[in-house]
Every structure is written in C-alpha cells, then in structure tokens.
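Report on the structure
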Amino acid sequence: MYLLALLLLQPAVPPIPQTHVQRATKPVVIDGKIDEAVWQTAEPVTLQFPWTQQTGAKQKTVVRLLWDGDYLYVAYQCDDTDITVQFHNHDDPTYRDDAVELFVNPKPAQNFYYGLEMNAHAVLYDYAFIWPHMLLQRYDFTGVKLATSVTPKGWSLEVAIPWHNFEEIGGKMPPKPGDTWTANLNRWDGTEPNRRLSVWSDTLQAEPNPHNPARFGRLTFR
C-alpha cells in the first residue's frame, strides 16, 4: 500500500505529442503572412508553458507544417505586445530575441538533430547538434526561404527548407507518406526578468530548456 501511495503521488509524465504534416496542394508563397488558403489544410499546433517559475504574459503561439516535393514549410503565428529584436546578422544568437525555433531529427533512432532559430526580423541561426556533446555552429542550411510580418498584435513567420539540407543524415529526400521524424517547436518571448519559453513537447527539464531529443514530438508525413 505504501508503494502504491508513492506511485499515485508521482506526477504524470506528459505524453509525447504527435501531429501530421499534410502535403501542400500548391507551393507556399513565403512572405511571412499566413493568409494563404493552403495553410488551412495544416494541423495547428499550440505551444505550451511547462515551467511554472517563468513570469510575464503567456502569449499564444500556433505552428503549422506542410510539405511538398521541394520544401518543408513551417509557419508560426505569435501573439505579441512587446516585440524585442537586437540581432540582425546570420548566426547571431537569435534565441535571445523574440524568436521561434525548429529542432528536427529526420532519423529518430539517433540523438542528432538540426536547429533553426529565427527572430522577428527573419534572422536565422542554424546548426547541427550531436546531442548532448557537440553543437556544430558552422553547419549552414542553403536555399532557405524565410520571411516575417509584424502587426500591432504580434508577428508571424514562414520558412521553407529545401530537402537537400536533410540528406546527409536523413538519406533520400523528400520523405515518403507515412515516414515519421521527431521535432520540437519552440518560442522565446519577452525580456528578463519576464522571459518566457513555450514548447510543443515538454522536455521535462527542471529549468526552461527546449533541448532534449528523447522528448521531441512526432511528425508523420501524409
């Protein structure tokens, strides 16, 4: 009975989230505005705030993903009343700005993933990460299309990533319908002391930290 009571007191481990990546019916225009009808076919993913010690407004972020024979498309819609951007050059530490992130692993059996961190001015910080020992900052994606749009109520971002960027680890591209990758979708928002991190999949880290490939969500291509 004592052991049973202890088990019942243990917090439940959040399940690994899953979503489907629908095939786009036509190429997506990358202008930062998520107003094309094709985005309505994508399953929306709303980010969560697992870390209760964080302060400040919990501003909503919705992410959508699509794909076609040329690109993986990702769109972020961010409610934001306090946009802050200080970095303007490729591979600057954009995660210190108002920024969104895509961590993606095309071969989930290994602890290797790609990182794209993009701020509200469409500046990209990209790398490859051999978790947890080596971040390869010199790795640069090529052919990426990236744009943002800023309004009084927030900002949105669209990115199109050519498939050849994933071939070294993921093999033949594009993926086939039914293939499953893993990923986390994140957002850094606000300034200290009211800095907030929201994520798709809870990484179960004690402090706000989006890196933990064992806890990445699952992307299944359709």
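Everything that follows concerns the structure shown earlier in this document.
Notes on the structure follow. These numbers come from a predicted model, not from an experiment. (Residues numbered from 1 in each chain as written. Predicted model: local features only at pLDDT ≥ 70, side-chain atom pairs only at ≥ 80, totals over all residues. Heavy atoms only, no water.)

1. Things to note about the overall build of the protein chain
For clarity, the cut-off: The way it works is that DSSP assigns letters per residue, a run of H or I at least four long becomes a helix, a run of E at least two long becomes a strand, and they are numbered from the N terminus. The globule rule used here is 2.2 Å times the number of residues to the 0.38 power, and the radius of gyration it is set against is calculated over C-alpha atoms. What makes two residues a contact is simply this: any of their non-hydrogen atoms within 4.5 Å. The Shrake-Rupley method, run with a 1.4 Å probe, gives the accessible areas here. Residue values count only the displayed protein chains as cover. His is not counted, nor are the chain ends, whereas Lys and Arg count as positive and Asp and Glu as negative. We put the charge of a Lys on NZ, of an Arg on CZ, of an Asp on CG and of a Glu on CD.
Tallying secondary structure elements over the protein chain gives two helices and 13 strands in all. Over its C-alpha atoms the protein chain spans a radius of gyration of 18 Å, differing by no more than 12% from the 17 Å that the globule rule assigns to 222 residues. Once the C-alpha set of the protein chain is aligned to its principal axes, its extents read approximately 60 × 40 × 35 Å. The long-range fraction of contacts in the protein chain, counting pairs at least 24 apart against all pairs at least 6 apart in sequence, stands at 63%. Summed over its atoms, the accessible surface of the protein chain is roughly 11,000 Å², and 54% of this surface lies on carbon and sulfur atoms. In the protein chain, the 19 positive side-chain charges and the 25 negative ones have mean positions that sit 6 Å from each other.

2. Points about the pattern of salt bridges
In plain terms, the rule: The term salt bridge refers to a pairing of a side-chain nitrogen on Lys or Arg with a carboxyl oxygen on Asp or Glu at a separation within 4 Å.
Under the definition given, this model contains five salt bridges. In this structure, the salt-bridge partner of D82 is R196, at a minimum N-O distance of 3.8 Å. Here the residue D82 occupies a position in the loop between β4 (71-79) and β5 (99-105), and R196 occupies one in strand β12 (residues 196-199), the gap between them amounting to 114 residues. Note that D179 and K176 form a salt bridge whose closest N and O atoms lie 3.8 Å from each other.

3. What to know about the nonpolar core
Spelled out, the test is: By nonpolar core is meant a set of buried Ala, Val, Leu, Ile, Met, Phe, Trp, Tyr and Cys residues that side-chain atoms within 4.5 Å join together. Whether a residue is buried, partly exposed or exposed follows from its accessible area with a 1.4 Å probe, protein chains only, as a fraction of its type maximum: under 20%, in between, or over 50%, in that order.
The biggest cluster of nonpolar side chains holds 36 residues, and the ones touching the most others in it are L72, Y76, L102, Y114, F166 and L185. Contributions of two or more residues to this core are made by β3 (61-67), β4, β5, β6 (112-119), β7 (124-130), β10 (154-162), β11 (180-189) and β13 (217-221). When sequence neighbours within four positions are dropped, the list of residues in contact with L185 reads V45, L47, V63, L65, Y76, E101, L102, S198, V199 and W200.

4. Here's the deal with unusual backbone geometry
For the peptide bond that leads from W131 to P132, omega is -5°, which places it in the cis range. Looking at where P132 falls in the secondary structure, it is placed in the loop between β7 and β8 (134-136). Note that the residue after M173, namely P174, is joined by a cis bond; omega there is 0°. Residues other than glycine seldom take positive phi values, yet D91 does so here, at roughly 70°.

5. Section: the environment of L124
With respect to the element layout, L124 can be found in strand β7. In sequence terms L124 and R96 are 28 residues apart; their C-alpha atoms lie 12 Å from each other. Filtering out sequence-adjacent residues up to four positions away, L124 remains in contact with H90, D91, L116, E117, M118 and L146.

6. Examining a nonpolar patch on the surface
Basically, it comes down to this: Residues with no salt bridge and a relative accessible area higher than 30% make up the patches, which join like charges within 9 Å and nonpolar side chains (Val, Leu, Ile, Met, Phe, Trp, Tyr) within 5 Å.
A contiguous nonpolar patch, built from I130, M134 and L136 and spanning about 230 Å² of accessible area, is present on the exposed surface. Within the secondary structure, M134 sits in strand β8. Judged by its relative accessible area of 44%, M134 is partly exposed.

7. Some thoughts on the packing of aromatic side chains
The cut-off we apply is this: Within 6.5 Å between ring centres, the rings of Phe, Tyr and Trp (the latter by its six-membered ring) count as paired, and their orientation is classed by plane angle as stacked under 30 degrees, edge-to-face over 60, tilted in between. To sit over a ring, a charge needs its Lys NZ or Arg CZ within 6 Å of the ring centre and within 35 degrees of the ring normal.
As enumerated under the stated definition, the model contains 21 aromatic pairs in all. Ring centres of W163 and F166 lie 6.0 Å apart, and the angle between their planes is 55°; on these two criteria the pair is classed as tilted. Accessibility expressed as a relative area gives 4% for W163, which makes it buried. Among the aromatic side chains, those forming a connected cluster through ring pairs are W67, F112, Y114, Y139, F141, W163, F166, W181 and F221. Here the guanidinium or amino end of R23 rests over the ring plane of W67, the centre of that ring lying 4.5 Å away.

8. What to know about the pairing of β3
Basically, it comes down to this: Think of it this way: DSSP has to see at least two bridges between two strands before they count as a pair.
The buried fraction of β3 amounts to seven of the seven residues, a majority that puts the element mostly inside the structure. Side chains T61, V63, L65 and W67 project from β3 onto one buried face, and the interleaved V62, R64 and L66 project onto a second face that is buried too. Pairing geometry for strand β1 (residues 18-23) and β3, over two bridges, is parallel. When the bridges of β3 are listed, Q22 appears paired with L66. Bridging between strand β2 (residues 45-46) and β3 involves two bridges; their strand directions are antiparallel. Residue pairing across strands places T46 opposite V62, the latter belonging to β3. Inspection of the sheet shows β3 paired to β4 by seven bridges, in the antiparallel sense. Looking at β4, one finds that L65 is bridged to V74. A loop of three residues connects β3 with β4, the two strands running antiparallel in sequence.

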